[in-house]
Amino acid sequence: MYLISSCLAGVRCRYDGSDNGDDEIIEFMKEGDCIIACPEVLGGLDTPRVPCEILNVDGEKHVVNREGKDLTEEFMDGAHRTLEICRAAGVTAAILKFRSPSCGFGRVYDGTFSGELVEGNGLAADLLHKNGIKIYSENNWKEILDD
Ligand code: SF4
């Protein structure tokens, strides 16, 4: 079973109320064996919402919105709820939206809202990865077919 970021599946759950619908991923989903989730919605955040980025403070990850509000707790809550769903559904791999403070894997925005990227993982992607779920993004998800 695969988990797909809801926004990649065409759900308008992005911070600005739009989606990142990817036609090829949506086509792949039609074959079945996929569920969708948006960790930020699961964390209780509204759509639309003020954009957030990850800030490293004294070695600790904080998720802060552009107005300076710390939403780490909501993001962690959403990450844990996403993991619970994955466990219940038997998810072994996930296709997640890159760069997001929840779903990004490998590279995320640096916390300055300037478009700069740094090495790191979004909170949900990181938690799923640490619990044995293989993470793909929209740029490499087709490797899932070979694994
Ligand atoms: Fe998409 Fe993930 Fe952001 Fe939700 S949290 S809008 S699924 S990137």
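About the cut-offs
Residues numbered from 1 in each chain as written. Predicted model: local features only at pLDDT ≥ 70, side-chain atom pairs only at ≥ 80, totals over all residues. Heavy atoms only, no water. Helix = DSSP H or I, 4+ residues; strand = E, 2+ residues; numbered from the N terminus. Buried < 20%, exposed > 50% of the residue type's maximum accessible area, 1.4 Å probe, protein only. Contact = heavy atoms within 4.5 Å. Near = heavy atom within 4 Å. Nonpolar A, V, L, I, M, F, W, Y, C, P; charged D, E, K, R; others polar. Pairing = 2+ DSSP bridges. Axes fitted to C-alpha atoms, helices over the stretch in contact; angles between N-to-C directions. Core = buried A, V, L, I, M, F, W, Y, C linked by side-chain atoms within 4.5 Å.

**Describing the overall build of the protein chain**
- Secondary structure assignment for the protein chain yields four helices and eight strands.
- Listed N to C, the secondary structure of the protein chain is β-α-β-α-β-β-α-β-β-β-α-β in terms of helices and strands.
- With the C-alpha coordinates of the protein chain rotated into their principal frame, the extents come out at 40 × 30 × 25 Å.
- Of all 147 residues assigned to the protein chain, the portion counted as buried reaches 44%.

**With respect to the environment of E24**
- Inspection of the secondary structure puts E24 in helix 1 (residues 23-29).
- Given a relative accessible area of 47%, E24 falls into the partly exposed group.
- Spatially, the C-alpha atom of E24 lies 13 Å from that of E143, the residues being 119 residues apart in sequence.
- Those residues in contact with E24, other than ones at most four positions away along the chain, are W141 and K142.

**Comments concerning the site of the ligand**
- Around the ligand, the structure places 14 residues, and the nearest of them are C7, C38, E40, K97 and C103.
- By residue class, the composition of the shell around the ligand is six nonpolar, four polar and four charged.

**Things to note about the sheet that holds strand 1 (residues 2-5)**
- If you trace the four strands from one edge of the open sheet to the other, you get 2-1-5-8, paired in parallel fashion. Of all the strands in the sheet, just strand 2 (34-37) and strand 8 (134-137) have a single pairing partner and so form its edges. On average, each strand axis in the sheet is tilted by 25 degrees relative to the strand beside it, whichever way the strands run.

**Details of the side chain of S137**
- The residue S137 is located in strand 8 in this model.
- Owing to a relative accessible area of 5%, S137 belongs among the buried residues under this scheme.
- Not counting chain neighbours up to four residues away, the residues in contact with S137 comprise I95, L96, F98 and F105.

**Thoughts on the nonpolar core**
- Among the nonpolar cores identified, the biggest contains 15 residues, and L3, C86, A94, L96, L128, I133 and I135 are the most heavily contacted of them.
- Of all the secondary-structure elements, those providing two or more residues to this core are helix 3 (72-89), strand 5 (93-96) and helix 4 (123-130).
- Top element by residues in this core is helix 4. It accounts for four residues.
- The contacts of L128, once residues within four sequence positions are left out, are L3, T82, L83, C86, A94, L96, I133 and I135.
- Counting ten residues, the second-largest nonpolar core is a separate cluster that includes L8, I25, F28 and W141.

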